[in-house]
Amino acid sequence: MKFGVVVFPGTWSDRDCGHVVTHVVGADLVYLWHRDRDLRGADCVILPGGFSYGDYLRPGAIARFSPVMEAVAEHAARGGLVWGICNGFQVLCEAGLLPGALIRNACLEFRCEWVHLRCERADTPFTRCLQPGQVVRVPIAHEEGNYVADPDTLDELERHGQVVLRYCDAEGRVTDAANPNGSARGIAGIRNADGNVLGMMPHPERCAEADLGGTDGLLMFRSLVEAATPVGRRHG
Amino acid sequence: MIARVVVVPKPVVNDPQGVTVRQGLRALGFSEVEDVRVGRYVEVRLGGASAEEAGTRVDEMCRRLLANQVIEDYRFELET
């Protein structure tokens, strides 16, 4: 599995993602500059967190028009894996690769804290190392993570099992108190209808080593590495 | 020619900024305030187009970049 980590001007989580890819899970890595039109063999493209183009106009609005995003859209259309984290999720929504939008947190604050997430779908390439209903602890750091979509779109996401992660309490209950930003139906992460594009606000790359306070994020990186491994070669 | 573009959250989209500003105005004694929507104002200076062409172009600018129609409505006026 070769990961391509996209770097826009203003991206800040690219090295964190790259560190986990190379030093923690030991996969291949290539950094992709926003002007690149070639994904250089990346199997899974990561759009990391940050403030691409200063979040001017709206988060993700300008990044969406980068040359690299044309290649990312083509990769996604071919069934290639695309993983948007935080600002990357905002970019995917602006680009129309995922439905809905992310608006200002209901509390109007930048929230930087640990949250609990409930895994709603463990049958995706991004979550296959998790169990359905498993509660994981992952940090968030955003001001515009309030997921909105019209009711029909939300119903469609639910009906097709596209909600992959929801904010919850430590026991897995989805409540208003456990929702850090006001997201509709506690949505923290969704995938597209084909299942190869995932966007999420929390930061799994920041909790992939015990020294950083948690390792639950590693489960998602491992899931992707395993997704690329033929069944016969998979361990345990 | 100048296009004056106003982008506001759709009525159905919750606007946390608007709610907070409404509360602030009420706290200041403006009890008649019923609702506030906080949006964005964009001024675009255009060269060499007729008003009709400019209108078509600005509308396209709004749809493709200046507004996100999932969450926002827009309107604009042209000043020659």
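Here the structure is shown first, and the text comes after it.
Rules and cut-offs
Residues numbered from 1 in each chain as written. Chains lettered and ligands numbered in written order. Predicted model: local features only at pLDDT ≥ 70, side-chain atom pairs only at ≥ 80, totals over all residues. Helix = DSSP H or I, 4+ residues; strand = E, 2+ residues; numbered from the N terminus. Contact = placed C-beta atoms within 7 Å. Buried ≥ 20, exposed ≤ 12 C-beta atoms within 10 Å, placed from the backbone. Pairing = 2+ DSSP bridges. Axes fitted to C-alpha atoms, helices over the stretch in contact; angles between N-to-C directions. Core = buried A, V, L, I, M, F, W, Y, C linked by C-beta atoms within 7 Å. Nonpolar A, V, L, I, M, F, W, Y, C, P; charged D, E, K, R; others polar.

(A) Structural context of the overall build of chain B. Of the regular secondary structure elements, chain B holds two helices and three strands. Ordering the α and β elements of chain B from the N terminus gives β-α-β-α-β. Projected onto the principal axes, the alpha-carbon positions of chain B cover approximately 50 × 25 × 15 Å. Within chain B, contacts between residues separated by at least 24 positions form 68% of all contacts whose residues are at least 6 apart in sequence.

(B) Main features of the pairing of strand β4 (residues 81-85) of chain A. Residue and element names in this part refer to chain A. Most of β4 is tucked away, with five of its five residues classed as buried. In terms of strand pairing, β4 meets strand β11 (residues 197-200) through four bridges, oriented parallel. Within β11, the position partnered with I85 by the bridge is M200.

(C) Expanded view of the sheet that holds strand β2 (residues 28-33) of chain A. Residues and elements named next belong to chain A. Judged by pairing direction, the sheet is mixed, and its nine strands sit side by side in the order β2-β1-β3-β4-β11-β10-β9-β6-β7 without closing on themselves. This sheet does not close on itself; its edge strands, each paired only once, are β2 and β7 (135-142). This sheet shows a mean twist of 25 degrees between the axes of neighbouring strands, independent of strand direction. With three bridges joining them, strand β9 (residues 163-168) and strand β10 (residues 187-191) adopt antiparallel strand pairing.

(D) Representation of the nonpolar core. If you look at the biggest cluster of nonpolar residues, it comprises 72 residues, and the most contacted ones within it are A:V6, A:V45, A:I46, A:L92 and A:L117. Excluding residues that lie within four positions of it along the chain, A:L117 makes contacts with A:V136, A:V138, A:L165, A:R166, A:Y167, A:C168, A:A188 and A:P202.

(E) Seen up close, the environment of A:F3. All names here are of chain A. Summarising the element assignment, F3 is placed in strand β1 (residues 2-7). For the pair formed by F3 and H116, sequence separation is 113 residues and the distance between their alpha carbons is 26 Å. When sequence neighbours within four positions are dropped, the list of residues in contact with F3 reads V21, A27, D28, L29, A42, C44 and I46.

(F) Expanded view of the pairing of β9(A). Residue and element names in this part refer to chain A. Within β9, six of the six residues are buried, leaving the element largely enclosed by the surrounding structure. When strand β6 (residues 111-119) meets β9, the two strands line up antiparallel, connected through four bridges. If you follow C119 over to β9, its bridge partner there is L165.

(G) Molecular detail of the interface of chain A and chain B. Listed by partner, the interface residues are eleven residues for chain A and eight residues for chain B. Partitioning the side of chain A that touches chain B into residue classes produces six nonpolar, two polar and three charged.

(H) Main features of unusual backbone geometry. All names here are of chain A. Of note, Y53 is a non-glycine position whose phi angle comes to about 50 degrees, a positive value. On the secondary structure map, Y53 appears in the loop between β3 (44-47) and α2 (67-77). Judged by the 22 C-beta atoms lying within 10 Å of it, Y53 falls in the buried class. Of note in the backbone geometry, C86 takes a positive phi value of approximately 60 degrees without being a glycine. The topology assignment puts C86 in the loop between β4 and α3 (87-94). Its 28 C-beta neighbours within 10 Å are what place C86 among the buried residues.

None of this, on its own, says anything about what the molecule does.
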